[in-house]
Amino acid sequence: MRPEHKFALTVYLWGTICGVVSGALSIQTRAAWIIGALMFLITDVFVKMVLKDNLPEDLQGLEGGQFRAAVLRKAFWGWFLFWLYFTMLVYTVGIDFKPVPYNNQSLLSQMMNKT
């Protein structure tokens, strides 16, 4: 597998982990969304720990702040979408959400009352 694909999968995995943690903690307190979002700032540590020497070419040879900035820039959208999806999924499952139709003629009401 190409290093770029391994990098993307690693970022998706980290986004999933952050989303599950954020969603599970947000059942207790709303500040957990911020905790989950702040976990993005250690994405470079997770990527370096998982990939070690198998980094994409554009990240090889970078050290310190340059490496961190490049990883955060490259990983943002992949991480963000997985984090947001899994945060909302775990939160919704955790609070035992039940949809409530407010109109008898709505599609939701028709789907729920159809026998």
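As shown above, the structure is provided for reference.
A brief structural summary.

What counts and how
- Residues numbered from 1 in each chain as written.
- Predicted model: local features only at pLDDT ≥ 70, side-chain atom pairs only at ≥ 80, totals over all residues.
- Heavy atoms only, no water.
- Helix = DSSP H or I, 4+ residues; strand = E, 2+ residues; numbered from the N terminus.
- Buried < 20%, exposed > 50% of the residue type's maximum accessible area, 1.4 Å probe, protein only.
- Polar contact = N/O pair within 3.5 Å; in protein donor to acceptor, adjacent residues only side chain to side chain.
- Contact = heavy atoms within 4.5 Å.
- Arc of directions from axis to C-beta.
- Patch = residues over 30% accessible without salt bridge, like charges linked within 9 Å, V, L, I, M, F, W, Y side chains within 5 Å.
- Areas by Shrake-Rupley, 256 points an atom, 1.4 Å probe, with all protein chains shown as cover.
- Salt bridge = Lys/Arg side-chain N within 4 Å of Asp/Glu carboxyl O.
- Expected span 1.5 Å × (residues − 1).
- Axes fitted to C-alpha atoms, helices over the stretch in contact; angles between N-to-C directions.
- Parallel < 35°, antiparallel > 145°, perpendicular 65-115°, else oblique.
- Left-handed = near helix turned anticlockwise from the far one by under 90°.
- Nonpolar A, V, L, I, M, F, W, Y, C, P; charged D, E, K, R; others polar.

**Details of the side chain of Thr-43**
Next, step 1: Along the chain, Thr-43 falls in helix 3 (residues 43-51).
Next, step 2: With relative accessibility at 0%, the residue Thr-43 sits in the buried group.
Next, step 3: Side-chain polar atoms of Thr-43 contact the side chain of Trp-14, separated by 3.5 Å.
Next, step 4: For Thr-43, the contacting residues outside a window of four places in its chain are Trp-14, Val-71, Leu-72, Ala-75 and Trp-79.

**Topic: helix 3**
Each α-helix turn comprises 3.6 residues. Residues three or four places apart therefore point the same way.
Next, step 1: Along helix 3, the residues that are buried comprise Thr-43, Asp-44, Phe-46, Val-47 and Leu-51. Taken down its axis, helix 3 places every buried residue within 160 degrees of arc, on the same side.
Next, step 2: On its buried side, helix 3 packs onto helix 1 (3-26) and helix 4 (64-94).
Next, step 3: At the exit of helix 3 stands Lys-52, carrying a positive phi of roughly 50 degrees.

**Considering a nonpolar patch on the surface**
Next, step 1: A cluster of nonpolar side chains, namely Met-1, Leu-9, Tyr-12, Trp-77, Leu-81 and Phe-82, defines an oily patch on the protein surface of about 660 Å² accessible area.
Next, step 2: Mapped onto the nonpolar patch, the elements with two or more residues apiece are helix 1 and helix 4.
Next, step 3: At three residues, helix 4 tops the list of elements feeding residues into the nonpolar patch.
Next, step 4: Within the secondary structure layout, Trp-77 lies in helix 4.
Next, step 5: Relative accessible area serves as the criterion here: at 58%, Trp-77 is assigned to the exposed category.

**Here we look at helix 1**
Next, step 1: Over its 24 residues, helix 1 runs 34 Å from end to end, which matches the ideal 34 Å to within 8%, given 1.5 Å per residue.
Next, step 2: What helix 1 keeps buried is the set Phe-7, Thr-10, Val-11, Trp-14, Gly-15, Thr-16, Cys-18, Gly-19, Ser-22, Gly-23 and Ser-26.
Next, step 3: In the core, the buried residues of helix 1 are packed alongside helix 2 (32-38), helix 3 and helix 4.

**Topic: the packing of helix 1 against helix 3**
Next, step 1: Contact pair helix 1 / helix 3: the axes reach a minimum separation of 10 Å and the direction vectors enclose 125 degrees. Classed by the angle they form, the pair helix 1 and helix 3 counts as oblique. In this structure, helix 1 crosses over helix 3, and the sense of that crossing is right-handed. Between helix 1, through Lys-6, Phe-7, Thr-10, Val-11, Leu-13, Trp-14 and Ile-17, and helix 3, the contact on the second element is made entirely by Thr-43, Phe-46, Val-47, Val-50 and Leu-51.

**Digging into the packing of helix 1 against helix 4**
Next, step 1: Between helix 1 and helix 4, whose axes approach to 7 Å, the crossing angle comes to 40 degrees. When the axes of helix 1 and helix 4 are compared, the crossing they make is right-handed.
Next, step 2: Tallied by class, the residues present in the contact of helix 1 with helix 4 amount to 15 nonpolar, eight polar and one charged.

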